[in-house]
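Next come the chains, spelled out residue by residue.
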Amino acid sequence: MASDFIPYNRPYVTGKEQAYIEEALRNHHLSGDGPFTRRCHQWIEQRTGCAKALLTHSCTSALDLAAILLDLKSGDEVIMPSFTFVSTANAFVLRGAVPVFVDIREDTLNLDERQIEAAITSRTRAIAPVHYAGVSCEMDKIVAIARRHNLRIVEDAAQGILASYRDTPLGAIGDIGSFSFHETKNIMSGEGGCLLVNDPELAQRAEIIREKGTDRGRFFRGEVDKYTWQDLGSSLLPSDLTAAFLWAQLEDAERITRERLAIWNRYHDMLAPLEQRGLLRRPIIPGHCRHNGHLYFILLPPGIDRSMVLGKLKDQGVHSVFHYVPLHSSPAGMRFGRAHGDLSLTTSLSERVIRLPMWIGLHEKQQMRVVEALGAILGR
Ligand SMILES: *Cc1c(COP(=O)(O)O)cnc(C)c1O
């Protein structure tokens, strides 16, 4: 095992997925909002305290739904980090809105709340904080800014399931939140996601948008005698087969999170000596944030050639990756968005990130190999 190639990710299955999919087949309810979807909704509502959970095909489609729900119009502005996945921006751009990119903090690589207010204009409608690596943004400050300027908050909590900020679960802090259940996330169904509606006044319309703009949800609950076209919408609900798979993962979500945290903590201990020698920087978790072990990244010292490091890791059988190419420096970034300030930390930090192999079942000996390889490459 020790000399095997160490992959960057290996999707984890609990073993119950297949039985639940077979149960879904026996239920004869394969389309959306069947018994497994209801169980998943209830679980997410109970664990996060959100007013309404709605499974979607992906976090991307949850964010698309959020942008429709907020009635964003052409020229409206949404403040977000540039250091994020494209979906945070695309959802709003699809409504004609303009992403306004604000720099990140040096410690957590999260949206720098101290720079938000200066980026607000008369067109600003919302803030989209991204909880990078399942570590919360400074939500007290962001919520206060949003209240002061009458802005909505859409949390991109794609990586944030079962993580919290001052004991409030991520995704349940803003007006709207979103989770991803993509294969690379802690809890997954291949592709999958969830919208968390925290403002109860938005709940009914969210349900309608997700069901092709109809009140089909009310019809199935017997609240209306037919369902009709009510609003804008699309088909954003996953089949109950996907929900059956997801249910197996949610049932075990606490254990999965504990196991990821154990692996994360092992890396953190093993890498401390390299940090002390100035060879890399480890993640910084603020004391009031409880994270979920979603990913372990290191920051290379400035000026080190990252592709050289990734190449040498690969030569030693370790598959590591980097992300994100900042949105403001991507081909579509300045076509659709606007930069606030020079985004210098976004540029410099994003060039230094390496994500280490992280998956359930990753053995301590394999982690030792990763750390030794890093030490050999960086220490010479
Ligand atoms: C994974 C991810 C997404 C997209 O999630 P999908 O479910 O693949 O659509 C969006 N934002 C962030 C920050 C992510 O990490």
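Residues numbered from 1 in each chain as written. Predicted model: local features only at pLDDT ≥ 70, side-chain atom pairs only at ≥ 80, totals over all residues. Heavy atoms only, no water.

- Within an unreviewed UniProt entry, the label attached to the chain reads dTDP-4-amino-4,6-dideoxy-D-glucose transaminase, and the organism entered is Bradyrhizobium iriomotense.
- Its UniProt record gives the chain a comment under Sequence similarities (unreviewed entry), which states: "Belongs to the DegT/DnrJ/EryC1 family." (UniProt positions renumbered as here; feature names shortened; annotations may be inferred.)

## Let's talk about the sheet that holds strand β4 (residues 124–127)
- Read across the open sheet, the eight strands follow the order β1-β9-β8-β5-β4-β2-β3-β12; overall the sheet is mixed. The open sheet has two edge strands with one neighbour each: β1 (52–56) and β12 (338–339).
- As paired strands, strand β8 (residues 176–180) and strand β9 (residues 193–197) are joined by five bridges and run antiparallel to one another. Bridge pairing in β9 places F179 opposite C194.
- Each of β1, β8 and β9 is contacted by helix α2 (residues 35–48), which is oriented at about 135° to β1, the strand it contacts most.
- Contacting β4 and β5 (152–156), helix α6 (residues 139–149) runs over the sheet at an angle of about 150° to β5. (Pairing = 2+ DSSP bridges. Helix = DSSP H or I, 4+ residues; strand = E, 2+ residues; numbered from the N terminus. Contact = heavy atoms within 4.5 Å. Axes fitted to C-alpha atoms, helices over the stretch in contact; angles between N-to-C directions.)

## With respect to the pattern of salt bridges
- Taken as a whole and judged by the stated rule, the model has 27 salt bridges.
- With its nearest N and O atoms 2.9 Å apart, the salt bridge here joins D199 to R152. Of this pair, D199 sits in the loop between β9 and α7 (203–210) while R152 sits in strand β5, and the two are 47 residues apart along the sequence.
- The exposure class assigned to R152 is partly exposed, which follows from its relative accessible area of 26%.
- Note that D225 is salt-bridged to K226, the shortest N-O span being 4.0 Å.
- What emerges from the salt-bridge pattern is a single network uniting K52, E207, R221 and E223. (Salt bridge = Lys/Arg side-chain N within 4 Å of Asp/Glu carboxyl O. Buried < 20%, exposed > 50% of the residue type's maximum accessible area, 1.4 Å probe, protein only.)

## Some thoughts on the packing of helix α11 (residues 306–315) against helix α14 (residues 364–379)
- Put simply, α11 and α14 touch, their axes get as near as 10 Å, and they point 135° apart. The pairing of α11 with α14 is recorded here as oblique in orientation. Taken as a pair, α11 and α14 cross one another with a handedness that is right-handed. Here α11 contributes M308, V309, K312 and L313 to the contact with α14, which in turn contributes A373, L374, I377 and L378.
- For the contact of α11 with α14, the class distribution of residues is seven nonpolar, no polar and one charged. (Parallel < 35°, antiparallel > 145°, perpendicular 65-115°, else oblique. Left-handed = near helix turned anticlockwise from the far one by under 90°. Nonpolar A, V, L, I, M, F, W, Y, C, P; charged D, E, K, R; others polar.)

## Some remarks on the environment of I104
- By the element assignment, I104 lies in the loop between β3 (98–102) and α5 (116–119).
- When the C-alpha positions of I104 and R114 are compared, they lie 9.6 Å apart, and in sequence the two are ten residues distant.
- Excluding anything up to four places from it in sequence, I104 contacts P81, F83, L109, N110, L111, D112, L345, T346 and L349.

## Brief notes about the site of the ligand
- Near the ligand lie 13 residues; those nearest to it are T60, D156, Q159, S180 and K185.
- Between the ligand and S180, the relevant distance is 2.7 Å, taken from an oxygen atom to a side-chain nitrogen or oxygen of the residue.
- One of the backbone nitrogen or oxygen atoms of G192 is found 3.5 Å away from an oxygen atom of the ligand.
- With the chains in place, 93% of the 380 Å² that the ligand exposes on its own is no longer accessible.
- Looking at the shell around the ligand, its residues break down into five nonpolar, six polar and two charged. (Near = heavy atom within 4 Å. Polar contact = N/O pair within 3.5 Å; in protein donor to acceptor, adjacent residues only side chain to side chain. Areas by Shrake-Rupley, 256 points an atom, 1.4 Å probe, with all protein chains shown as cover.)

## What to know about the domain arrangement of the chain
- Splitting the chain by domain gives domain 1 (17–252) and domain 2 (254–379).
- In this complex, domain 1 contributes 48 residues to the contact, which on the side of domain 2 involves 39 residues.
- Note on domain 1 versus domain 2: buried area summed over both sides is about 3,800 Å², and carbon and sulfur give 55% of it.
- The largest per-residue losses of area from domain 1 upon contact with domain 2 belong to F101, N186 and D252, which jointly make up 17% of the total buried on that side.
- In this structure, the connection of domain 1 to domain 2 is made through five salt bridges.
- With a shortest N-O distance of 3.7 Å, D167 and R290 are connected by a salt bridge.
- Inspection of the region where domain 1 meets domain 2 yields 25 residue pairs in polar contact (both at pLDDT 80 or more).
- Contributions of two or more residues to the side of domain 1 that touches domain 2 are made by β2 (77–81), α4 (86–93), β3, α5 and β6 (164–165).
- Top contributing element to the side of domain 1 that touches domain 2 by residue count: β3, with five residues.
- A breakdown of the residues in the side of domain 1 that touches domain 2 according to their chemical character gives 24 nonpolar, 13 polar and eleven charged. (Domains from an automatic or database assignment. Buried area = accessible area lost by both parts, 1.4 Å probe.)

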